[in-house]
Every structure is written in C-alpha cells, then in structure tokens.
Amino acid sequence: MLRGALPAAFAIAMGVLVGAVQGGRPLIVPLAFAGAVFIVLQVLAPVHQALSANLGDRTAAWLYDRLTEACIAPPGMGHLENPALANDLVVARDFDLGMTGPPLFISMDFIAGGLVELIGGLACALVLFGYRWWAPLALAGSWLATHWLLRESGVWYDRNTPPVRAAQRDAEYAYRLAVDPGPAKEVRLFGLADWVLERFVARRTLLHRLQYDATRLREQPLVWSTVLVVAANVLVFWMLARDASSGRISLGALVVFAQAAVGVSMIAFGGLNWALNGAAAPVAAVLRLEGAMRPSGTLAPGIRLALGMPAHEIRFRDVTFAYPGGAPVLEHFDLVIPAGSSMAIVGQNGAGKTTLAKLLCRLYDPQAGAIEVDGIDLREIAIDAWRERVAAVFQDFIRFELPLRDNVAPNGAPDDLIYAALEAAGASRLARLDTVLARGYDDGTDLSGGQWQRVALARALCGVARGAGLVLLDEPTAQLDVRGEAEIFDRILTATRRSTTLLISHRFSTVRHANRICVLEHGRVVELGSHDELIALGGRYRTMFDLQAKRFAVVEGEEGMTYDVLA
Ligand SMILES: Nc1ncnc2c1ncn2[C@@H]1O[C@H](COP(=O)(O)OP(=O)(O)O)[C@@H](O)[C@H]1O
Ligand SMILES: [Mg+2]
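Since the structure is predicted, the reported quantities are computational estimates derived from the model, not experimental observations. (Residues numbered from 1 in each chain as written. Chains lettered and ligands numbered in written order. Predicted model: local features only at pLDDT ≥ 70, side-chain atom pairs only at ≥ 80, totals over all residues.)

J.: Sorry if this is basic, but what is going on with the sheet that holds strand β2 (residues 328–338) here?
T.: In sheet architecture, strand pairing relies on hydrogen bonds along the backbone and comes in two forms, parallel and antiparallel. The strand order β2-β1-β4-β5 describes an open sheet built from 4 strands, whose pairing is antiparallel. Two strands lie at the open edges of the sheet, namely β2 and β5 (376–377), each paired on one side alone. (Pairing = 2+ DSSP bridges. Helix = DSSP H or I, 4+ residues; strand = E, 2+ residues; numbered from the N terminus.)

J.: I tried to follow helix α6 (residues 134–149) on my own but got confused; where do I start?
T.: The periodicity of an α-helix, 3.6 residues per turn, causes residues three or four places apart in sequence to face the same way. Counted at 1.5 Å a residue, the expected span for α6 with its 16 residues is 22 Å, and the 22 Å between its end C-alpha atoms agrees. Those residues of α6 lying buried are A135, P136, A138, L139, A140, S142, W143 and T146. Elements that come into contact with the buried residues of α6 comprise α5 (104–128), α11 (219–245) and α12 (251–263). (Expected span 1.5 Å × (residues − 1). Buried ≥ 20, exposed ≤ 12 C-beta atoms within 10 Å, placed from the backbone. Contact = placed C-beta atoms within 7 Å.)

J.: Looking at this structure, how should I read the domain arrangement of the protein chain?
T.: Accessible area lost upon the coming together of the parts serves often as the stated size of an interface. In terms of domain boundaries, the protein chain breaks down into domain 1 (2–150 + 218–297), domain 2 (309–389 + 469–567) and domain 3 (396–468). Placing a centre on the C-alpha atoms of domain 1 and another on those of domain 2 gives a separation of 64 Å. Of the residues lining the interface, 8 residues belong to domain 1; the matching set on domain 2 comes to 6 residues. (Domains from an automatic or database assignment.)

J.: Mind showing me how you'd approach the sheet that holds strand β8 (residues 500–505) here?
T.: Strand order in this open sheet of 6 strands is β6-β7-β8-β3-β9-β10, and the pairing throughout is mixed. Looking along the sheet, the strands with just one partner apiece sit at the ends: β6 (390–393) and β10 (524–529). Adjacent strand axes in the sheet meet at a mean angle of 15°, parallel and antiparallel pairs treated alike. Pairing geometry for strand β9 (residues 516–521) and β10, over 5 bridges, is antiparallel. Residue pairing in the sheet places C518 in a bridge with L528 of β10. Sitting on the sheet, helix α14 (residues 353–360) is in contact with β3 (342–346), β6, β7 (470–474), β8 and β9, with an inclination near 150° to β7. (Axes fitted to C-alpha atoms, helices over the stretch in contact; angles between N-to-C directions.)

J.: How do you make sense of the site of ligand 1 when you look at a structure like this?
T.: E81, Y323, G326, V329, G347, N349, G350, A351, G352, K353, T354 and T355 make up every residue found near ligand 1. In the shell around ligand 1, the residues fall into 3 nonpolar, 7 polar and 2 charged. (Near = placed C-beta within 6 Å. Nonpolar A, V, L, I, M, F, W, Y, C, P; charged D, E, K, R; others polar.)

J.: Help me understand the environment of R405, please; the structure alone is not making it clear to me.
T.: Its place among the elements puts R405 in helix α16 (residues 404–408). By C-beta crowding, R405 is classed as partly exposed, having 19 other C-beta atoms within 10 Å. Taking C-alpha positions, R405 is 33 Å from G352, a pair spaced 53 residues apart along the chain. Among all residues touching R405, those that are not within four sequence positions of it are I418, L433 and D434.

J.: Could you clarify how one ought to interpret the nonpolar core in this entry?
T.: The tendency in soluble globular proteins is for nonpolar side chains to be buried as a group. Of all hydrophobic cores here, the largest spans 72 residues; its most connected members are A458, A460, L461 and L502. With 8 residues, helix α18 (residues 449–465) is the single largest residue contributor to this core. Every residue in contact with L502, bar those within four places of it in the chain, is listed here: I337, M343, I345, A357, V471, L472 and L473. Counting 61 residues, the second-largest nonpolar core is a separate cluster that includes A11, L63, A112 and L128. (Core = buried A, V, L, I, M, F, W, Y, C linked by C-beta atoms within 7 Å.)

J.: Would you explain unusual backbone geometry in this entry?
T.: Here the bond from M309 into P310 is cis, since omega is -10°, no more than 30 degrees from zero. Structurally, P310 is set in the loop between α13 (271–297) and β1 (313–322). Not every positive phi belongs to a glycine, and R362 is a case in point at roughly 60°. Following the sequence through the fold, R362 ends up in the loop between α14 and β4 (368–373). Look at R362 and you get partly exposed, because 19 C-beta atoms sit within 10 Å.

J.: Even after reading the chapter, I still don't get the pairing of β7, so can you show me in this structure?
T.: Successive residues of a regular strand alternate their side chains across the two faces of the sheet. Burial runs high along β7: 5 of the 5 residues are buried. Here β6 pairs with β7 via 4 bridges, running parallel. Residue V390 lies in a different strand from β7, and its bridge partner there is L470. Of the strand pairs in this sheet, β7 and β8 are connected by 5 bridges, and their pairing is parallel. Each residue of the ladder has a partner; that of L473, found in β8, is L503.

J.: Explanation requested: the pairing of β1 in the structure shown.
T.: Across 7 bridges, β1 lies against β2 in antiparallel orientation. Bridging from a neighbouring strand, R315 pairs with V336 of β2. The hairpin formed by β1 and β2 contains 5 residues between the paired strands, and G325 there has a positive phi angle of roughly 75°.

J.: Quick question: what am I supposed to make of the confidence of the model for the protein chain here?
T.: Of the residues in the protein chain, 94% have a pLDDT of 70 or more, and the chain-wide mean is 87. Note that residues 554–567 has pLDDT below 50 and, in this model, 23 contacts with residues that lie over four places away or in other chains. (pLDDT = per-residue confidence, 0-100.)

J.: What exactly am I supposed to notice about helix α17 (residues 415–424) here?
T.: When we look at burial in α17, the residues that qualify are I418, A421, L422 and A424. Down the axis of α17, the buried set is contained in an arc of 165°. They therefore lie on one face. Summarising the geometry of α17, the exposed residues directed more than 90 degrees from the buried face are D415 and D416. Trailing α17 by a residue or two, G426 shows a phi angle of about 70°, which is positive. (Arc of directions from axis to C-beta.)

And the structure:
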C-alpha cells in the first residue's frame, strides 16, 4: 500500500518543488519532501522484493507440505494409482521446478510488484481528480479496459486441457529417462538417446506452441486497447497543454497532473495477470488433489485388536476385487490358509498373486466378499494393529538409501536380532551394519539384485523374529540363482515354521516343500493340495511342474532339497 502511494506522492512533491522554484520561495522544505519520498521509494523496492520472494518460497513449502501429507496420510494406496489424479499429481509435484511454470518465488515477486503498480496507478488517478473529474475516469477507465480486452491472453485457458497435461507428463517422462541413472543402461543399449531427446523436445515444443497460440489471442484486442488508451491520453494531455498555455493551471500543477497522468498507466494489464494465473494452477492442483486423494485412499478404520492373529485361519470368502477403473482381478475368490502352515501360491504373470498379498496387507479393500482372520472381517481390525502382525517381502520391495541396519529394521531392533536375520537370509557378509546401501554416500555401496533380495528377506525375517504372525513372500527369490533359491527356501521354512507363511512364485518347480500349494489362474483357484496330491492329479500343476523342472535335475538331499543345473 505504501509503495503504491509513493509515486503519486512523488508527483505532488515535484509539483510543489517546481512551484517553489517558479515563485522564488525557499526550497528547503519541498526539496526535503521530494528527497524523503524518493529515498523511501528506493528503499522499499528491494525490501518488498525480498519479502515477496520469501512469501513465494514459504507458499511453495506450504504447498509441498500439504501435498506430501495428502499423499502419505491415507492408509490405502489407491489414490496414488488413480489415473484420474495422475495429471494433477505431476503438476502439483513439480510446480516449483520451473518445468510447468515459473517457481513460486518468481511468480510471487511479479504478483507483489503488480499489486503495487495497480495501487500506484489508482493513487495517481485519485490525484487527477484535483484537475478535472473526467480525466481520471477516462485514463483509469482506458487502462482498466485493457484487463478486460486482453483477459484471454493472460489466462492460459488451455492449461488444463488433456493435450497440455499429456504433453507435460510425456515431457517429464522423457526428461526422467534422460537424467536418471536407472534407465541409463537400456536407453544406451537400445540406442534410444535420440528417441528420448526427440520426445522431450517435441513435447516441450508443443507446450510452447500452445502457450504461444494463447498469447496470440492478444493480437486483435491489442489494437482496441491501443486505440482506447491513446485516445484517452491524447484527450487529457491536450487539455493539460491548453490549460497550461492559457495560464489556467500553474506550472507546479502541470507537473503534478502530467506525472499523475503518466502514472495511471501502471494500472495496465501485465505481469500480475500472467503470474497470478501461472501461480494459481499448482495451488489449485494441490488443493484439488487434497480433496480427491482422501476418499480414494481411505479405508474404514477398524477398532479390533490383532493380538496373536492369525491363530486359526485366514479365509478369502467370495472376494471380488478390481483396481480403480480396471476389470476384476479376483472374482468370487475363495481360499483358506490354515494358521501356522505354509501355503504356496503359484501362477503365471498377471494371475493376481501380488494382488492377493496386497489385499492381505489391507492396502485395498475388496469390492465384494471379505477377508476374514480367525472369523473376523479384516475391515473390523485396526489397520496399524493388523499390519504389525504382517511381515513381507514384496516383488518391488523398497531399497532404502540408508545403512544396512535400517534396511533390515526400519523401526529399529537390537543388533543381535539384525545379525540373526541377516544370517538367516544368507546375507551376513554383505556389508557392515553402518554401511549406507547406496552410491553417492561416503563409503556407501550398492548391491546386486540378488543381494538386495536377501536384505529384503532379512527385513521380513526380522519382523518374524519380532513376532509377526503372517509372512508374505512375493517372489522372494526371483532374482537369485537356482542354488541360492534352494538354499533360501530352506532358510525361509526354518525361520518361519512357527508363523503362517504365504509363498508366492511363478516357478511351479520351486514350491514343492510348502504344506499346501494353490494354483492361481485369472484370479481363480484352479488346483489346491500338497505337492504329491497335485502331481497325482495330473492337471495344470503337473504340466507346469514338469515343464519348468525339466531344466533342473532335482536331487533329494539329506536335509531337504537341492537343485542342480543340468548341463
Ligand atoms: N496397481 C494396479 N493398478 C491396476 N491394475 C493392476 C495393478 N497391479 C496389478 N494390476 C493388474 O492386475 C492383474 C494381476 O496383477 P498381479 O496381482 O500383480 O499379478 P501377479 O503378481 O500374479 O503377476 C494384472 O492384470 C495387472 O495388470
Ligand atoms: Mg506379482
């Protein structure tokens, strides 16, 4: 407000000074007045700029906080996979990186500066009322009209259309392919460098074109704006010149009013309009996401305790489940897993094995039917209490960029427990407990896929040692060699013999020592029984077992099984 008022005050100060010179009066007071206004103007500008940049930074941090909370807070995970929210998520996640618009600290500077100019222009218009009542109306009116005439170009209406969002997403994806180390191997091997670059350039170019097209909407209205503004200014300045030359107003008044008339132009359409629109888009996206994520990530909070569960059995009762917007993965699915036993789920890729594991963790709720633990619907059990009962190795387990110790026990555990878990997973000599498992840290190290899998297994086994009742192992050995797999399976069975174990694998030939084997196909149980029963049955399991075991000679050792690669 103060900065906005100063240009008008300066115009008055200059008028008073010129008046004093002309009238031969003492100049000390007018000079001091003009000097003071000038200094305050100079000092306030950088202060205001620093404040607005700071406000922009804080707003960005505040939005990031809200987004982080919106993403992490829901106990389910449907909201992070919902395609309807994916575009907003990209805009919201990266809004301050300068990819989809200027960072907020720059936008906020524009907004703050624009507000000052708006106030400054209006203050100058107020001064002009001292000249003639119609002069400020004509000038301010014409400059304000530019806001209306040029409104189309200030707001990039196309910003939220599917093509713009898709281009932003594709550009971001190509950018990630180019700069992240993960895809680097295949991008180079398959000669995709040019493809990635072209994709990025094409999408960014498309975005610039769309924005440019929006900008060109200004061409025609710009002519009208110019005509209006020129007409109003010619009228006012012509009157001023006439009144001054005829002596109707003094030289001092002329200086004040001429400066004020120029000052009214600060009202014009400009940076404020663009910055406000650009900065508003991510804010809108974050706030929209906040509202939209909550319901789709929500799971009814149960209240029952999970002490000692499962003690009797886990039962899928007529369960039907589909991912948001997808076809059912499980349909009328029934399965009983007796507590304290091991059950293997085998089936080919896409059969729904991982989905079963996720449902058991209650990351989603089925659309129909129920999962019951000891006869109690999983939805009635407190989510956190249930999850404390579950230890798991997921197919795409997390690789914490943290010391080995925290990778095995993210929530903390005594070192001897951690050593025992690593030992049981065959990972005792991988690294020291304090070694960070990522490159880019002092004495950090990265592991191979199989070594990582052993660390993940140790994490689950540590959970078992701390009392987890249900162990989910989703392809825990998929990245291990055959010998490693045989060895690991023995270790798993030993370490988990007191818990209920669900062992998921697409290798039919590797699960024969589980108590019971369930063959899953298109979300249905097609065969269920022990290895011997299923072999005797001569159905799907038998076929797949023979097919996949052909590659290995199976030798009965004294302690369980070992597999040997045939030449
Ligand atoms: N997050 C998801 N969103 C939508 N569909 C999914 C998701 N995860 C898996 N699916 C689909 O569900 C089916 C079963 O997947 P999944 O349980 O991962 O199979 P499996 O672990 O047996 O290979 C597949 O058709 C897969 O495409
Ligand atoms: Mg899977």
